[in-house]
Amino acid sequence: MRVATLTALTRNEKGKKARREGFIPGVVYGREIKSLPVKFVKREFLKVLREHGERPRVKLIIDNQEKMALVKDIEKEPITGEVLHVDLQLVAAGQKITCDIPIKFIGREKLKSKGLILQVNIDSINVTGEASVIPEHFVVDVGGKNDGDVVTVEDLNIHPEIQITDPPEDAIAVVTAAEDEASEEGEESETASS
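Rules and cut-offs
- Residues numbered from 1 in each chain as written.
- Predicted model: local features only at pLDDT ≥ 70, side-chain atom pairs only at ≥ 80, totals over all residues.
- Heavy atoms only, no water.
- Buried < 20%, exposed > 50% of the residue type's maximum accessible area, 1.4 Å probe, protein only.
- Helix = DSSP H or I, 4+ residues; strand = E, 2+ residues; numbered from the N terminus.
- Pairing = 2+ DSSP bridges.
- Salt bridge = Lys/Arg side-chain N within 4 Å of Asp/Glu carboxyl O.
- Core = buried A, V, L, I, M, F, W, Y, C linked by side-chain atoms within 4.5 Å.
- Contact = heavy atoms within 4.5 Å.
- pLDDT = per-residue confidence, 0-100.
- Phe/Tyr/Trp six-rings, centres within 6.5 Å; stacked < 30°, edge-to-face > 60°.
- Lys NZ or Arg CZ within 6 Å of the ring centre and 35° of its normal.

Asks: Explain the pairing of strand 2 (residues 23-29) to me, and be specific about the residues and the numbers.
Replies: Counted residue by residue, strand 2 has six buried out of seven residues, so it is predominantly covered. Once strand 2 ends, the chain turns through six residues before running back antiparallel as strand 3 (residues 36-41). Across four bridges, strand 2 lies against strand 6 (residues 83-90) in parallel orientation. The partner of V28 across the bridge, within strand 6, is L88.

Following this line, the structure appears as structure tokens:
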């Protein structure tokens, strides 16, 4: 799994000033350091989020040292979605961490071609484990599913060293016929095919 690299610059100014100058302000914390105000070049940080999702593990270059860190929290402007502030937690090798991991569903277009849709109940799952074995996201291929099929926590293919708090039989998503979503389209296609 590719890990992104981010350079954190020490920040002495307020977050607002950092944002004006093209940076995203944040804090880095961990067992070894008390909360340290930092800033990231906005373009670089947003590129990492685009390529690795909202909660990536990153190689953090800080004071010319490389450390492993986890993006724990991203504060966004509610209307524009602009990233206002980020929290990163340093993780030592072998340290256990608890975090929310997003679930990515692939194969939805195959469902669509069968007149089915995926109703997602849970789009992330809380896990505990060593940072080195926790993935950036879980991927579930739903392309082969049929009407009424349920995707459960058990289907996530979770590494044996990762603990999950949710019961394995919890439904993450359900495959259903697309009638509710597209009843009008359905009626049109029925009249066309009859």
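Asks: Run through the sheet that holds strand 12 (residues 163-164), naming residues and quoting values.
Replies: In space, the four strands of this open sheet follow the order 10-7-9-12, with mixed pairing throughout. The open sheet has two edge strands, strand 10 (138-141) and strand 12, and neither has a second partner. Pairing of strand 9 (residues 124-130) with strand 12, which is carried by two bridges, proceeds in the antiparallel orientation. Considered in strand 12, the bridge of T128 is made with Q163.

Asks: Tell me what's going on with the pattern of salt bridges, and back it up with residues and numbers.
Replies: Following the criterion strictly, the structure yields four salt bridges and no others. The salt bridge involving K47 is made with E51; its shortest N-O contact spans 3.4 Å. Here K47 and its partner E51 are both found in helix 2 (residues 42-52), four residues apart, which amounts to about one turn of the helix. By relative accessible area, which is 43% here, K47 ends up partly exposed.

Asks: Explain the nonpolar core to me, and be specific about the residues and the numbers.
Replies: In terms of nonpolar packing, the biggest core is built from 24 residues, with F105, V127 and I172 touching the most fellow members. Sort the elements by how many residues they give to this core and strand 7 (residues 96-106) lands first, with five residues. Not counting chain neighbours up to four residues away, the residues in contact with I172 comprise I103, F105, Q119, V120, N121, I122, V151, T152, V153 and L156. Judged by nonpolar contacts, the second largest core, of 20 residues, contains A8, V28, V71 and L88.

Asks: Give a description of the confidence of the model for the protein that names residues and reports values.
Replies: Chain-level pLDDT for the protein is 84 on average; 91% of the residues reach the 70-or-more range. For the stretch residues 181-194, pLDDT sits under 50, and the model shows one contact to residues farther than four places along the chain or on other chains.

Asks: Explain the environment of L49 residue by residue, including any values.
Replies: Of note, L49 is situated in helix 2. Along the backbone, L49 and A177 are 128 residues apart, and their C-alpha atoms lie at a distance of 33 Å.

Asks: If you had to explain the packing of aromatic side chains to someone new, which residues and values would you point to?
Replies: All told, the structure shown has one aromatic pair when counted by the stated rule. Centre to centre, the rings of F40 and F45 are 5.3 Å apart; their planes meet at 45 degrees, and the pair counts as tilted. Neither F40 nor F45 differs from the other in exposure class; each is buried. Over the aromatic face of F23 sits the side chain of K39, whose NZ or CZ is 4.5 Å from the ring centroid.

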